[in-house]
Amino acid sequence: MSTFDRRRFLTMTGVLTAGALALAACGTDDSATGGAAKEGKKVETITFGVVSISDYMNPLTNTSKRVHWITDPVVESLYTYDASLKSIPLLADGEPEISDDGLTWTIKLKQGVTFHNGDPLTADDVVASLTFVSNPKSTSDWTTFFAYYVKSAEAVDKQTVKITLTTPFGVLRSHLTNLPIVHKAFVERTDTTMGTGPFKVDKVAQGRQVTLSRNDAYHGTKPELKGVVFEAIPDPATRLVNLREGKIHIMTDVSPESVALLKQDSQITVHEVDAPSDIITYFVANKAPFDDVKVRQALAYAMDRKGVRDIVYAGTAKIAQGPVGPAVEGHDSSLQIYGEAPDYAKAKALLAEAGVSSLEFTLMVTSDAVMKNVGQVLAEGWKQAGITCTLEVLDFSPWVKNWASGKYQMAMTGFESGFGGGRTAVTVLGPMSSKNPLNFGYKNDEVDKLLGEAWATTDDAARVEACKKINGILANDAIMIPPVYPRLVVAQRKEISPLDEKLMGVSRVSLPPVRAV
């Protein structure tokens, strides 16, 4: 498809606003930049432009970027990532002591760590956070990672926590590297949070703006910045203008169509990073037509992956095979089952083998512009193979409700799993267990066995190998068929130091090291 055709398609479907098109016509003139970018004005407080800010500022309630972009500099976890993304102690004082049967983890806490109100970090705070997320009745997203695996958490003494498990659960180490530990009095609060991090919450204007200030009593290396402001700017064209004019320093959720334009601006750096940013697909596999693997495979072969990459993502995404993307454990770069372009002949042959003369189905997608465009490109491609796809576009809440109750034929949405799952494939692969309540009809004994092994082992290499095998099986079974692997795209102004792209690989934008340059 030509550049003109792609631009016309995106304009018609709402991705490009008039403001974005006007900016494209402006070329690379940097003279408009001002505000925080004025020469000689040292940056002491940076402004972070995000799509939206959750009304709930408790990082224990969910694992979405709307919360964690903001709270990650405020709260800390027992373990953290080093420069190679290896898990190392942070609030924990060393490695956990794991019993021979794998059912008890004992963790010592670092001495001298205090919360933002001056209270010392104690085992009671860790127990409160763990108990909250391990309660299956909790509405927290974190229950996916802890409930039914963590039997109890208790304080052995003020600086020691004992976690008792229901079954060996080696992936717990990854979960503890991501789970925020908040002050015990803030575990159930939603309006704000309190942690031990290098920044503390100053002011919350619900849904609009959050202001952080430096924690001068921080137990680690103190940041040079005095503060950070998170500003909700829903319109992508407005965020782009604000970044170019220096009104914000960092822009998230950069539109794929804006990447080339921003790269031409000498005052801006664009980070394109492989991160756990997935397009997740689900089938109801115990009902026709998708109870037949050949029908699912036909759909997979007729999928216009190249169209999605080039039309919707402007070339910034990567062609997908299995469900596990390049930033997640178990990704197999050598896996090549489906081509970039659709194989309509193969799809028609598979449908004929399945005895299906006419395939019609409904694809349920979320209502964000990118997913709607993905659905439209796929539907147009499938039409060439004689497959009729009707799009059902739903806001996120009703989409989740239908998905959780199995009221769909095929479902698709974008999802960022890095905040909760880190580099593990728990979020992506978990629903493929036949015992998972979100699994609707797919059963593969080998997948069930491998999933059990993957989550139980404390050997990272063994978990990676198990997930790689699962990824290959699911790709061949065409039970999870993402068209592309999207990349995390973040833009920043050059008057602040470069963001850490390694940490972006687990969805983090690390603000403490940022400084004026």
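The structure contained in this document is the topic of the report that follows. (Residues numbered from 1 in each chain as written. Predicted model: local features only at pLDDT ≥ 70, side-chain atom pairs only at ≥ 80, totals over all residues. Heavy atoms only, no water.)

Here we look at the overall build of the protein
From N to C terminus, the protein includes 18 helices and 19 strands. The C-alpha atoms of the protein give a radius of gyration of 23 Å, which matches the 24 Å a tight globule of 517 residues would have. Taken along its principal axes, the extent of the C-alpha atoms in the protein is 70 × 65 × 35 Å. For the protein, the proportion of its 517 residues judged to be buried stands at 55%. Taking all contacts inside the protein whose residues are at least 6 apart in sequence as the whole, residues at least 24 apart take part in 72%. Across the protein, the 54 positively charged side chains and the 60 negatively charged ones have centroids separated by 2 Å. (Helix = DSSP H or I, 4+ residues; strand = E, 2+ residues; numbered from the N terminus. Rg over C-alpha atoms; globule rule 2.2 N^0.38 Å. Buried < 20%, exposed > 50% of the residue type's maximum accessible area, 1.4 Å probe, protein only. Contact = heavy atoms within 4.5 Å. Lys, Arg positive; Asp, Glu negative; His and termini not counted. Charge placed at Lys NZ, Arg CZ, Asp CG, Glu CD.)

Details of the side chain of Asn215
Note that Asn215 resides in the loop between β9 (209-214) and β10 (227-232). Not counting chain neighbours up to four residues away, the residues in contact with Asn215 comprise His116, Thr196, Gly197, Pro198, Phe199 and Lys222.

Concerning helix α16 (residues 445-456)
Taking 1.5 Å of rise per residue, the twelve residues of α16 would be expected to cover 16 Å, and the 17 Å separating its terminal C-alpha atoms lies within 8% of that figure. Here α16 has its buried residues at Val447, Asp448, Leu450, Leu451, Ala454 and Trp455. Structurally, α16 contributes buried residues whose contacts are with α15 (426-429) and α17 (460-476). By the N-cap criterion, in which a side-chain oxygen at the helix start approaches the backbone nitrogen of a residue two or three places on, α16 is capped by Asn444, the distance to Glu446 being 3.0 Å. (Expected span 1.5 Å × (residues − 1). Polar contact = N/O pair within 3.5 Å; in protein donor to acceptor, adjacent residues only side chain to side chain.)

Digging into unusual backbone geometry
Trans peptide bonds make up the majority, and among non-glycine residues the majority have a negative phi. Across the junction of Ala288 and Pro289, the peptide omega takes the value 10°, indicating a cis bond. Relative to the helices and strands, Pro289 resides in the loop between β13 (277-283) and α9 (293-301). Unlike most non-glycine residues, Tyr148 shows phi in positive territory, near 75°. Although it is not a glycine, Ser507 adopts a positive phi angle of roughly 75°. The class of Ser507 is buried, set by a relative accessible area of 2%.

Focus: the sheet that holds strand β16 (residues 387-394)
If you walk across this open sheet you meet the four strands as β13-β17-β15-β16, and the pairing is mixed. Edge positions in the sheet fall to β13 and β16, since each of these pairs with one other strand and no more. The mean angle between the axes of side-by-side strands here comes to 25°, regardless of whether they run parallel or antiparallel. Relative to β16, strand β15 (residues 359-366) runs parallel, the two being bridged by eight bridges. (Pairing = 2+ DSSP bridges. Axes fitted to C-alpha atoms, helices over the stretch in contact; angles between N-to-C directions.)

Focus on the packing of α16 against α17
Put simply, α16 and α17 touch, their axes get as near as 8 Å, and they point 155° apart. Taken together, the axes of α16 and α17 are roughly antiparallel relative to one another. For α16 against α17, the interelement crossing comes out left-handed. Every residue of α17 that contacts α16 at Glu446, Val447, Leu450, Leu451, Ala454 and Trp455 is listed here: Arg463, Ala466, Cys467, Lys469, Ile470, Ile473 and Leu474. The residue makeup of the contact of α16 with α17, split by class, is ten nonpolar, no polar and three charged. (Parallel < 35°, antiparallel > 145°, perpendicular 65-115°, else oblique. Left-handed = near helix turned anticlockwise from the far one by under 90°. Nonpolar A, V, L, I, M, F, W, Y, C, P; charged D, E, K, R; others polar.)

Re the nonpolar core
Formed by 131 residues in total, the largest nonpolar core has its most connected members in Phe230 and Trp382. When sequence neighbours within four positions are dropped, the list of residues in contact with Trp382 reads Leu299, Ala302, Met303, Phe361, Leu363, Ile387, Cys389 and Met410. (Core = buried A, V, L, I, M, F, W, Y, C linked by side-chain atoms within 4.5 Å.)

Looking at helix α13 (residues 396-405)
Among the residues of α13, Trp399, Asn402 and Trp403 are the ones counted as buried. Down the axis of α13, the buried set is contained in an arc of 100°. They therefore lie on one face. Across from the buried face of α13, at angles greater than 90 degrees, the exposed residues are Ser397 and Lys401. Next to the buried residues of α13 lie β13, β15, β16 and β17 (410-416). Looking one or two residues beyond α13, the residue adopting positive phi is Gly406, at roughly 75°. (Arc of directions from axis to C-beta.)

Describing the sheet that holds strand β11 (residues 250-251)
Note: strands within a sheet are paired through backbone hydrogen bonds, in either parallel or antiparallel orientation. Ordered by their spatial adjacency, seven strands build an open sheet running β8-β9-β10-β1-β11-β19-β12, and the pairing between neighbours is mixed. Here the strands that pair on one side only, and so sit at the sheet edges, are β8 (199-205) and β12 (268-273). Relative to β10, strand β1 (residues 45-50) is paired through six bridges, and the arrangement is parallel. Within β10, the position partnered with Ile46 by the bridge is Val228. Each of β12 and β19 (488-493) touches helix α8 (residues 256-263); the most contacted strand, β12, lies at about 140° to it.

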